[in-house]
Amino acid sequence: QVQLVESGGGSVQAGGSLRISCAASGITYNTYRMGWFRQNAGNEREGVASIHDDVGAIYADSVKDRFTISLDNAKKISYLQMDRLKPEDSGTYYCATKDTPSYTPSLSPQLYNTWGQGTRVIVSS
């Protein structure tokens with residue numbers, strides 16, 4: 001059983017930085033994706049960044065050049081480094097993966113079936 005635990009959320013001022021983490025357990029295969037999604041109050045969940053252990057990473061246009069996703073494959077921990085944060089980056093950030101092997105990164109929530117509990121990010125203007 002695959003489980004995800006997120007941490008690192010908090011409140012920062014616009015222009016600041018924050019790093020959030022997602023620790024995965026139960027991933028026994030060696031080809032997989034992990035993704036970060038966010039949800040603002042009242043809106044649908046949207047993909048922010050995704051990384052595949054073999055293929056690489058992709059980003060939403062809104063965060064490209066500001067956010068960096070990384071993966072410690074040995075520890076199965078994904079990090080999302082968020083720099084130059086904007087108020088519109090605020091929301092609950094969710095880590096996600098699929099509990100079977102996958103072969104590409106993806107920003108589509110429909111391609112994930114395992115989710116973390118979410119960690120809140122608040123960016124003040």
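Check the entry above for the structure.
Heads up: these notes are all about the structure in this document.

Cut-off values and rules
Residues numbered from 1 in each chain as written. Predicted model: local features only at pLDDT ≥ 70, side-chain atom pairs only at ≥ 80, totals over all residues. Heavy atoms only, no water. Helix = DSSP H or I, 4+ residues; strand = E, 2+ residues; numbered from the N terminus. Buried < 20%, exposed > 50% of the residue type's maximum accessible area, 1.4 Å probe, protein only. Contact = heavy atoms within 4.5 Å. Salt bridge = Lys/Arg side-chain N within 4 Å of Asp/Glu carboxyl O.

**Some details on the environment of Gly26**
Mapped onto the fold, Gly26 is located in the loop between strand 3 (18–25) and strand 4 (33–39). Among the residues examined, Gly26 registers a relative accessible area of 38% and is labelled partly exposed. When residues no more than four places from it in sequence are discounted, the contact partners of Gly26 are Gln1 and Val2.

**Side note on the pattern of salt bridges**
In this structure the tally under the stated criterion is three salt bridges. For Arg38, the salt bridge goes to Glu46, with nearest N and O atoms at 3.0 Å. Among the residues examined, Arg38 registers a relative accessible area of 6% and is labelled buried. Note that Asp89 and Arg38 form a salt bridge whose closest N and O atoms lie 2.9 Å from each other. One end of the pair, Asp89, is in the loop between strand 8 (77–82) and strand 9 (91–97); the other, Arg38, is in strand 4, and 51 residues separate them in sequence.

**Looking at the side chain of Thr119**
With respect to the secondary-structure elements, Thr119 resides in strand 11 (residues 119–124). Each residue touching Thr119, except ones within four places of it in the same chain, is listed here: Glu6, Ser7, Gly8, Gly9, Ile20, Gly91, Thr92 and Tyr93.

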